[in-house]
Amino acid sequence: MPNVKIVNLIKRFVSARGEDLLALDRLNLDIPDRKYSTLLGPSGCGKTTLLRIIAGLLEPTSGQILFDNMDVSGKMTQERDIGFVFQNFSIFPHMDVWHNAAYGPVVRGWSQAEIAKTVERNLKLVGLEKRDKALPHELSGGMNQRLGLARALAGHSSLLLLDEPLSALDAKIGAFLRYELKKIAKTNHLTAIHVTHNQEEAMTISDNIILMRKGEIVQTGTPEALYDQPNSMFAANFIGKCNFFKARKKSSHSVEIDGKMLQLPNEVSQDKIVIGIRPEKIHLDPHPDQIRFSGRIELINFLGHLYEYRINVESDIVSAYKRIKGKNLKQKYHEGDVIEFSFSGEDVFVFPEPEDFKKELSLG
Ligand code: ADP
Ligand code: MG
């Protein structure tokens, strides 16, 4: 417990220059109980603002927050029973690691034995069990963030809110903590709402992704749904990689790209469209019955399990992946080679052509 519902939520700020800023633009959202949800989106899109409003640390301009269908808008943070991990870890500087981690349980009046057990467990979980007597200023930034996490877990709240909890950490530790966080949330039946700008982190950790942009919700769903059925060029571009081609409708089920025809499984509704294709759906050994292009390989990136080929097609860069099979890394293609590639209409996304291509993909 609980399920968190957001109804018609608006948040306006007045900027330092006195300008009106719409940080959250009438959001409606259902965050499922006991699931791991992430608020994902570029910096400045309103993630922290939304999380702080859910926590009761910030008042909305209008709209409602419901926990299990109960309006909590009038409730103080302390009354909302939340564990919170802040972006800029807010631990007590004068308390050592152990006492910081024990803060929640102590305030809640738990027994000494319960407190000791919880603190020991949580410090171990975040890898700080040997630093229990250290003061926060003696720890690295990453360690402080881990301490913030241990403290948030100690309260045993059923709702855990995390604002970029892994961003300050070393990549390896951060990736490891992703699994730990999800495991902790699952075993304790928590509802987690985790803010991140990192799409890979969101893909790994989430049951449910809420993709945001400029104070609005773009799309919500499982990582698979967002990856396989993005509802916009922005979603296709932000979650994973995607190549885009401008296309024109030729008949009900066919479009033209640079004078070449592409057959599509579904009826095309607009005249001007954009075709999206994932790099792994591009075939470097072109299929005869697919739409074919040629270009020059500008760059080859070795990614361990695959190669990324960056192919210059009339000054547009197309990214294509080729899986590496077996142990033989000998390359068939080289930088500078002119090659052909193809893809199928079955594998593409179809979007209406935006007025401004660049703006549609921009993160701001
Ligand atoms: P995110 O967490 O997604 O990076 P934020 O929620 O922090 O984004 O900010 C959303 C927008 O609201 C940004 O344009 C930011 O500058 C603005 N903003 C956030 N807090 C304040 C504030 N206290 N006063 C004025 N503007 C703010
Ligand atoms: Mg933020």
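Residues numbered from 1 in each chain as written. Chains lettered and ligands numbered in written order. Predicted model: local features only at pLDDT ≥ 70, side-chain atom pairs only at ≥ 80, totals over all residues. Heavy atoms only, no water.

Undergrad: Which residues make up the overall build of the protein, and what are the values?
TA: Check the secondary structure of the protein and you find nine helices and 19 strands. Long-range contacts, defined as pairs at least 24 residues apart, comprise 67% of the intrachain contacts of the protein with a sequence gap of at least 6. As presented, the protein carries roughly 18600 Å² of accessible surface, and 50% of it is formed by carbon and sulfur atoms. Across the protein, the centroid of the 47 positively charged side chains sits 3 Å from that of the 46 negatively charged ones. (Helix = DSSP H or I, 4+ residues; strand = E, 2+ residues; numbered from the N terminus. Contact = heavy atoms within 4.5 Å. Areas by Shrake-Rupley, 256 points an atom, 1.4 Å probe, with all protein chains shown as cover. Lys, Arg positive; Asp, Glu negative; His and termini not counted. Charge placed at Lys NZ, Arg CZ, Asp CG, Glu CD.)

Undergrad: Mind laying out the sheet that holds strand 16 (residues 306-313), listing which residues take part and the relevant values?
TA: Strands belonging to one sheet form pairs held by backbone hydrogen bonds; the direction of such a pair is parallel or antiparallel. Taken in spatial order, the four strands of this open sheet run 17-16-15-18, and their pairing is antiparallel. Because the sheet does not close on itself, it has two edges, and the strands there are strand 17 (316-323) and strand 18 (338-343). Pairwise comparison of adjacent strand axes, ignoring direction, gives a mean angle of 50° for this sheet. (Pairing = 2+ DSSP bridges. Axes fitted to C-alpha atoms, helices over the stretch in contact; angles between N-to-C directions.)

Undergrad: Summarise the site of ligand 1; cite the residues concerned and give the values.
TA: Lining the immediate environment of ligand 1, one finds F13, V14, L21, A23, P42, S43, G44, C45, G46, K47, T48 and T49. A distance of 2.9 Å separates an oxygen atom of ligand 1 from a polar side-chain atom of K47. Between ligand 1 and T49 there is a distance of 2.5 Å, counted from an oxygen atom to a side-chain nitrogen or oxygen. Within the residue set of the shell around ligand 1, elements represented by two or more residues are strand 1 (4-14), strand 2 (20-31) and helix 1 (47-55). Top contributing element to the shell around ligand 1 by residue count: helix 1, with three residues. When grouped by side-chain class, the residues that make up the shell around ligand 1 number six nonpolar, five polar and one charged. (Near = heavy atom within 4 Å. Polar contact = N/O pair within 3.5 Å; in protein donor to acceptor, adjacent residues only side chain to side chain. Nonpolar A, V, L, I, M, F, W, Y, C, P; charged D, E, K, R; others polar.)

Undergrad: Requested: an account of the sheet that holds strand 14 (residues 272-277), with residues and values cited.
TA: Ordered by their spatial adjacency, five strands build an open sheet running 13-12-11-14-19, and the pairing between neighbours is antiparallel. Because the sheet does not close on itself, it has two edges, and the strands there are strand 13 (260-263) and strand 19 (349-352). Neighbouring strand axes in the sheet, compared pairwise and without regard to direction, differ in orientation by 40° on average. The sheet contact formed by strand 11 (residues 243-251) and strand 14 spans six bridges and is antiparallel. Following the sheet pairing, K246 is matched in strand 14 by V274.

Undergrad: Residues and numbers for the pairing of strand 9 (residues 208-213), please.
TA: Each regular strand shows side chains that alternate between the opposite faces of the sheet. The buried count for strand 9 comes to six of six residues, which makes it a mostly enclosed element. Residues N208, I210 and M212 of strand 9 are buried on one face, and the alternating residues I209, L211 and R213, pointing to the opposite face, are buried as well. Where strand 9 meets strand 10 (residues 216-221), five bridges bridge the pair, whose relative direction is antiparallel. Each residue of the ladder has a partner; that of L211, found in strand 10, is Q219. Linking strand 9 to strand 10, which pair antiparallel, is a turn of two residues; within it K214 sits at a positive phi near 45°. (Buried < 20%, exposed > 50% of the residue type's maximum accessible area, 1.4 Å probe, protein only.)

Undergrad: Go over the packing of helix 3 (residues 112-125) against helix 4 (residues 141-154) with me, naming the residues and quoting the values.
TA: Viewed as axis vectors pointing N to C, helix 3 and helix 4 meet at an angle of 145°, and their least axial separation amounts to 9 Å. For the pair helix 3 and helix 4, the crossing hand works out as right-handed. Counting all contacts with helix 3, which are made through T118, N122, L123 and L125, the residues of helix 4 involved are L147, A150, L153 and A154. Taken together, the residues that form the contact of helix 3 with helix 4 break down as six nonpolar, two polar and no charged. (Left-handed = near helix turned anticlockwise from the far one by under 90°.)

Undergrad: Which residues make up the side chain of N243, and what values do they have?
TA: Mapped onto the secondary structure, N243 falls in strand 11. Overall, the relative accessible area of 5% leaves N243 in the buried class. A distance of 2.8 Å separates the side chain of N243 from the backbone nitrogen of S319, its partner in a polar contact. Aside from chain neighbours lying at most four places away, what touches N243 is I275, G276, I277, R278, P279, I282, I317, V318 and S319.

Undergrad: Can you tell me about the nonpolar core, naming the residues and giving the values?
TA: Side chains that are nonpolar tend, in soluble globular proteins, to be buried together. Core analysis: the biggest nonpolar cluster contains 29 residues, and Y36, L123, L147, L149, L162 and L181 have the highest contact counts within it. Elements with a contribution of two residues or more to this core: helix 2 (97-107), helix 3, helix 4, strand 7 (159-163) and helix 5 (171-187). Ranked by residues supplied to this core, first place goes to helix 4 with five residues. Each residue touching L149, except ones within four places of it in the same chain, is listed here: V85, V126, L162, L177 and L181. Judged by nonpolar contacts, the second largest core, of 28 residues, contains I273, I282, I291 and V313. (Core = buried A, V, L, I, M, F, W, Y, C linked by side-chain atoms within 4.5 Å.)

Undergrad: Kindly report on the domain arrangement of the protein, identifying the contributing residues and their values.
TA: When the domains of the protein are assigned, the result is domain 1 (4-233) and domain 2 (241-361). In this structure, domain 1 and domain 2 have C-alpha centres spaced 38 Å apart. In total, domain 1 and domain 2 occlude about 850 Å² of area from one another, counting both sides; carbon and sulfur atoms represent 59% of this. Taken together, domain 1 and domain 2 are joined by zero salt bridges. Along the contact surface separating domain 1 from domain 2 lie four residue pairs in polar contact (both at pLDDT 80 or more). In terms of residue count, the dominant contributor to the side of domain 1 that touches domain 2 is helix 7 (residues 223-228) (three residues). Considering only residue class, the side of domain 1 that touches domain 2 consists of four nonpolar, two polar and two charged. (Domains from an automatic or database assignment. Buried area = accessible area lost by both parts, 1.4 Å probe. Salt bridge = Lys/Arg side-chain N within 4 Å of Asp/Glu carboxyl O.)

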